[in-house]
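# An overview of the molecular structure
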Amino acid sequence: MEVKTKSLLDNMIGVGDMVLLEPLSEESFIENLRKRFDHNEIYTYIGSVVISVNPYKSMLIYTPERVEEYRNRNFYELSPHIYALADEAYRSLRDQDKDQCILITGESGAGKTEASKLVMSYVAAVCGKGQEVNKVKEQLLQSNPVLEAFGNAKTVRNDNSSRFGKYMDIEFDFKGDPLGGVISNYLLEKSRVVKQPRGERNFHIFYQLLSGASDDTLKKLKLDRDFSKYNYLSLDSAVVNGLDDATNFRTVRNAMQIVGFMEDEVQSVLELVAAVLKLGNIEFKPESRCNGTDESRVKDKNDLKEMCELLGIEQSVLERAFSYRTVEAKMEKVSTTLNVAQAYYARDALAKNLYSRLFSWIVNRINESIKAQAKTRHKVMGVLDIYGFEIFEDNSFEQFIINYCNEKLQQIFIELTLREEQEEYVREGIEWTNIEYFNNAIICDLIENHQNGILAMLDEECLRPGTVTDETFLDKLNMICAEHQHFESRLSKNSKFLNDHSLPHCCFRIQHYAGKVLYRVEGFVDKNNDLLYRDLSQAMYKANHTLIKHLFPEGNPAKVNLKRPPTAGFQFKASVGTLMRNLQTKNPNYIRCIKPNDKKAPHIFTESLVCHQVRYLGLMENVRVRRAGYAFRQAYEPCLERYKMLCKRTWPHWRGPAREGVEMLMADLQVPAEEFSYGRSKIFIRNPRTLFFLEERRRQCLQDLATLIQKIYRGWKCRTHFLLLKKSQIVVAAWYRRYAQQKKYEKIKSATTVVQSYTRGWQARKLLRELKHQKRCEEAVTTIAAYWHGTQARMELRRLKQEVRNKHAVTVIWAYWQGTKVRREYRKFFRANAGKKIYDFTIQRIMQKYFLGLKRTLPSMSPVDKNWPARPYVFLDGVHTELRRIFHLWRCKKYKSKFTEEKKAVYEEKLEASELFKDKKSLYPSSVSQPFKGDYLEISKNPKYQKLNSSFDEKVLLADVVNKINRANGKGTTRILLLTKKNVVLADQKTGQVKASVPLPDLTSVSVSTQNDGFFALRLKEGSASAVKGDFLLSSEHLIETITKLHHIGSTASDREQLNVDISDEFLVQFKQDKVCVKFIQVAPKNGNSVSCKRKNNRLLEVTVPASA
Ligand SMILES: Nc1ncnc2c1ncn2[C@@H]1O[C@H](COP(=O)(O)OP(=O)(O)OP(=O)(O)O)[C@@H](O)[C@H]1O
Ligand SMILES: [Mg+2]
């Protein structure tokens, strides 16, 4: 929301407008500036003039937001700012079609150039936009870096000091869009090219070129990067803090490109810059001529050569121009030689001219680019950035010229300010009261008067034939200006300065409007002449370099003009005249720049320095002029708006016209009538006191109002707060109630549910109980019925049973009765036989049961199965054992019946063996499991025994190897024992030869031991043929089988007796005639011992047999 009542007067630090300073004095003026400066308020107004104090630091007051803030606002609406002035100027130009000029003055380093850039940037920001417009804006803005590079230099006062005056006209179309511009430059300080004071530098471009150009470019320009190689470059301050020359060079090149310089033009410009540097390095030496005069010669021609190459000049031509000077007078040419000093003068003059002409060319070239294309009438805003008043210790021609310019500007300022004031009075219908002020027209006249002005006299001296020196010029001044009240000189006729030692003889002093300035005349004539020898300009013209040729048109021999070129003073006067005329047609806007200190440092406010500037800028004059009539004026509407609270009738609203409201206000406040006047649209207040009276009343009133507003606001706030609380309380209560009811409802609901569930449960249980009861009743009925029926039935049954029993009992009783009767009758018969019969029957029954049981539990049919059921009754013991035996026999028989004949024979033999040896001989048990094989030697098959076999007709029942025991030593000899049905044959084992053949009838018995040995003795019938050799004592592995077979043959033979088998551990054996006892001794078994037979003596053979385990 736009705050309409906002004013410059709000939140003021000091006073924002010096016009309101009360009391007005130099001290209060400076104090006000200082106070504001200390609070970072660098801008202060004097009416519409802006005083700007250089802050020497970057300030956050130039942001795009600030631009927007000041855009389209009234000048006094916001706190003082350069943007307010720029906006006012731009809006007057755009809306009221008034051409504007912004005059920026101040001493070196006060911030003029920065101010001009701020104005331009503001205008660029607020004016129209569009591709074309933006291009124009960009070109206008980019002209600054180019001009600054060539026209600015570091001085002791300012690191970026503008060494030329600049006036730039920016042209706008009817909409306020920029179309283009024109730049005018004034008096470039060209002497800086050849010489710089201590602590200062040459123009920036020289350093920028050497620092920032590429190696390639430097090579082309025949330059070296080292500053020290160039005489024209001061070295003590070649590098400036905060200035990056290399970067700036690129910026400048870029700006040149944007402004519209062609590549070859940029190259030419750089070549000229390089040529100036080279020129400075050309040195001269004297050479005596025969006529006794001294002539100069170039010392080292290398730089000259390179410079000539750069500019395309013939070296000899330039060399000659440095040695000779041709003077033409009335068709006559006279050539004089130059001495070394003159040669140096010529060199420097050439350098200065070259550079200043190049600078002017650049300005023109920029103008060419930025000039407005449209032919229609333009609105113009001029920005003048020109050197302010200069008062140094040593003031020369330049200061004179500059101060002259400032006098003119002051004059125009007074003229325009007063004119404006007057115009406003007329416009507002205020009676004009004469304003007293100092008119500096008299000083301007002293300088510029055509007949006897200082400049006119200087020109006269310069043009006068004969010896002309600075002294002759001063004499002339002393003569002509002596009477002038602003001119002071020691030697003037005016005797009052004769004893003024502050005024040296070679100086004159002028009382400028801003103070007295002492000028030293030395160099005035020379600088005014600004001579360049024609030979040099002709040499330049001959250059094969378009730009050089263009810069020195007077060197064209075809256009030889014997007339002297206009003097510098004359040129300056003319251009200042043009400028003044130009400015007079425009609405002026002033920016007065002030430098707060000499140290280029922020926060320092040197009062003496500021005081000095305030004086020579004529700021006090400025305020006085401004306050001469009425100090303050304000349109009725804002005035009423601002002060309406001071009167009850205008507060809070005034319905009538604003003027009447203000009149009412002033009458109510009883402001004396002479203190103000009513204009058509404004009220004019004569004295700031009145304004401050109003302001003070307003402040008090505002405080009261603030209290009132606070009171109302607090009341409103509390009420609102209370209402809000109340409303909130209702809402909270409602919510709480709702919540509580909800909770209660939920509780009741859940209680109801519980009660319900309990009731339902109870009802259900009750019903269930009833149902159960009913069911139980039904069941009970059924049960009772069942029981009843059961009881009935049982009773019936019992009854029937009873009946039956009764019947039975009757029957039994009857039977018993009958029995008893019968028994009684037959008792005598019954008792004699019944016991036996019952016994028999019982025994029969038991036997029957025993047999049937035995039948079921009979053991298996295996003859070796030892199982047999236990006997049930003791009295069956014998039967049971017998039956076991019978059963065993029966099953043996069954088993036997399954045998083949052979097997039967084998078993018979085995049986026989058992009968013979069981429990009689220890060897027997081991033989039971061995089958009786008989023919162990397989005699019929073995070819070895073929012959032996064939010697018998009968079948061989046994063929085995036996040992025949020798009675001599008890050792055995192996023999084959053959047994047939008739014979026992012993044959040699190896040969098969029959050793002995004993017919079986000759055998009487066989003796064996009871031990576990295979010894046996075949005892022969005494007197038989076989008995001749005696009995045989043999040992066989198959003793049991052999003896059994022998016995069997004997038992089956009908023709002889059965063979006896003697089993004894001692028996006699008949060896031929001797009987030898064979004794068997059982020994304890040892490892490896076997049956052995030893002869103990002639009658005893002892056989030791290990006891079987
Ligand atoms: N408004 C500003 N804000 C911040 N710094 C400023 C401002 N104005 C000036 N300066 C500082 O002061 C320096 C000097 O300013 P400027 O070059 O504008 O002075 P000038 O008046 O043009 O001097 P000269 O007459 O030598 O050209 C600037 O380089 C800058 O550092
Ligand atoms: Mg400047």
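Anyway, here's the lowdown on the structure attached to this text. (Residues numbered from 1 in each chain as written. Chains lettered and ligands numbered in written order. Predicted model: local features only at pLDDT ≥ 70, side-chain atom pairs only at ≥ 80, totals over all residues. Heavy atoms only, no water.)

## Let's talk about the pairing of strand β15 (residues 515-520)
Pairing analysis gives six bridges linking strand β14 (residues 507-512) to β15, with the strands arranged antiparallel. Along β15, the bridge assignment pairs F508 with Y519. Between β14 and β15, which pair antiparallel in sequence order, lie two residues. (Pairing = 2+ DSSP bridges. Helix = DSSP H or I, 4+ residues; strand = E, 2+ residues; numbered from the N terminus.)

## What about the coordination of the magnesium ion (ligand 2)?
Every protein donor of the magnesium ion (ligand 2) is listed here as T113 (OG1) and S162 (OG), and their distances to the metal cover 1.9 to 2.0 Å. Linking T113 in helix α4 (residues 112-126) with S162 in strand β5 (residues 161-162), this pair joins segments that are 49 residues apart in sequence. (Donors = N, O, S within 2.8 Å, 3.2 Å for Na, K, Ca; no water.)

## Considerations on the pattern of salt bridges
Per the stated rule, a full pass over the model turns up 65 salt bridges. Salt-bridge contacts for E88 lead to R91; the nearest nitrogen and oxygen are separated by 3.9 Å. With a gap of three residues between them, E88 and R91 both fall in helix α3 (residues 82-96), about one helical turn apart. A residue is classified by how much of its surface remains accessible, and R91, at 16% relative accessible area, is buried. The salt bridge involving E641 is made with K644; its shortest N-O contact spans 3.7 Å. Its relative accessible area of 35% is what places E641 among the partly exposed residues. The class of K644 is buried, set by a relative accessible area of 13%. Residues joined in a network through salt bridges with shared partners are E31, R34, D38 and E607. (Salt bridge = Lys/Arg side-chain N within 4 Å of Asp/Glu carboxyl O. Buried < 20%, exposed > 50% of the residue type's maximum accessible area, 1.4 Å probe, protein only.)

## With respect to the environment of E88
The class of E88 is partly exposed, set by a relative accessible area of 29%. Separated by 18 residues in the primary sequence, E88 and Y70 have C-alpha atoms spaced 9.5 Å apart.

## As for helix α11 (residues 301-311)
Among the residues making up α11, those that are buried are D303, L304, E306, M307, C308, L310 and L311. The inward-facing, buried residues of α11 abut α8 (215-220), α10 (263-281), β9 (294-298), α12 (315-321), α19 (534-541) and α20 (546-551). Where α11 begins, the capping side chain belongs to D300, and its oxygen is found 3.1 Å from the backbone nitrogen of N302. One or two steps after α11, the chain reaches G312, where phi turns positive at roughly 65°. (Contact = heavy atoms within 4.5 Å. Polar contact = N/O pair within 3.5 Å; in protein donor to acceptor, adjacent residues only side chain to side chain.)

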